[in-house]
Amino acid sequence: MKHWIAVASAEHARRGKVGFMQVNHGKAAPLRRISPGDGVVYYSPTESFGGKDKLRAFTLIGRVKDGDIYPGEMGGWTAYRRDVDWSDAHDAPITPLLDQLDFTAGKTNWGYQMRFGLFEITAHDFGVIAGAMGASA
């Protein structure tokens, strides 16, 4: 089992709260790296897509459900998705966690990897984030 951070504005991430995730503007390739049972956390640098309204918080957390990647209609274009069982959780700012997370501790440029839209994290980091969000890991 692996653990992942997906990056999207809170507005976009929350659209999937009905039970799915999509990453990198609906590309299928990144979703192929994720397997059923994997843990997924959304990190939202902003509240709205392209906005200046900084949020810098973890906004969704859950486990990938059984099943394959599938296309979803997004008002004139197709975005690929995976089904996720999202946990009841609250937003958790990243700043208080920076020294506790393996992928950020001691790094001034920790945000660089966020640019890729999806990256793997340790089970430790997933647990720390789940705790901060009030969700079970």
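Please read all numbers here as calculations on a predicted model, not as lab measurements.

**Q** Now, about the pattern of salt bridges: what can you tell me, with residues and values included?
**A** Evaluation of the coordinates by the stated rule reveals two salt bridges. The salt bridge partner of R14 is E47, with a shortest N-O separation of 2.8 Å. Here E47 lies in the loop between β3 (39–46) and β4 (54–64) and R14 lies in helix α1 (residues 10–15), a separation of 33 residues in the sequence. E47 gets classed as partly exposed once you look at its relative accessible area, which sits at 32%. Notably, a salt bridge pairs D91 with R14, separated by 2.5 Å at the nearest N-O pair. With D91 in the loop between β6 (78–86) and β7 (92–93) and R14 in helix α1, this residue pair connects regions lying 77 residues apart in the sequence. Judged by relative accessible area, R14 falls into the partly exposed class, the value being 30%. When salt bridges with common partners are traced through the structure, they connect R14, E47 and D91 into a single cluster.

**Q** Describe the pairing of β4, naming the residues involved and giving the relevant values.
**A** The pairing of β3 with β4 spans seven bridges and is antiparallel. In the sheet register, V40 faces β4, and the bridge partner there is G62. In terms of strand pairing, β4 meets β7 through two bridges, oriented antiparallel. Of the residues in β7, the one forming a bridge with A57 is P93. Pairing between β4 and β6: three bridges, direction antiparallel. Counterpart to R63 in the pairing with β6 is D85.

Calculation rules
Residues numbered from 1 in each chain as written. Predicted model: local features only at pLDDT ≥ 70, side-chain atom pairs only at ≥ 80, totals over all residues. Heavy atoms only, no water. Salt bridge = Lys/Arg side-chain N within 4 Å of Asp/Glu carboxyl O. Helix = DSSP H or I, 4+ residues; strand = E, 2+ residues; numbered from the N terminus. Buried < 20%, exposed > 50% of the residue type's maximum accessible area, 1.4 Å probe, protein only. Pairing = 2+ DSSP bridges.

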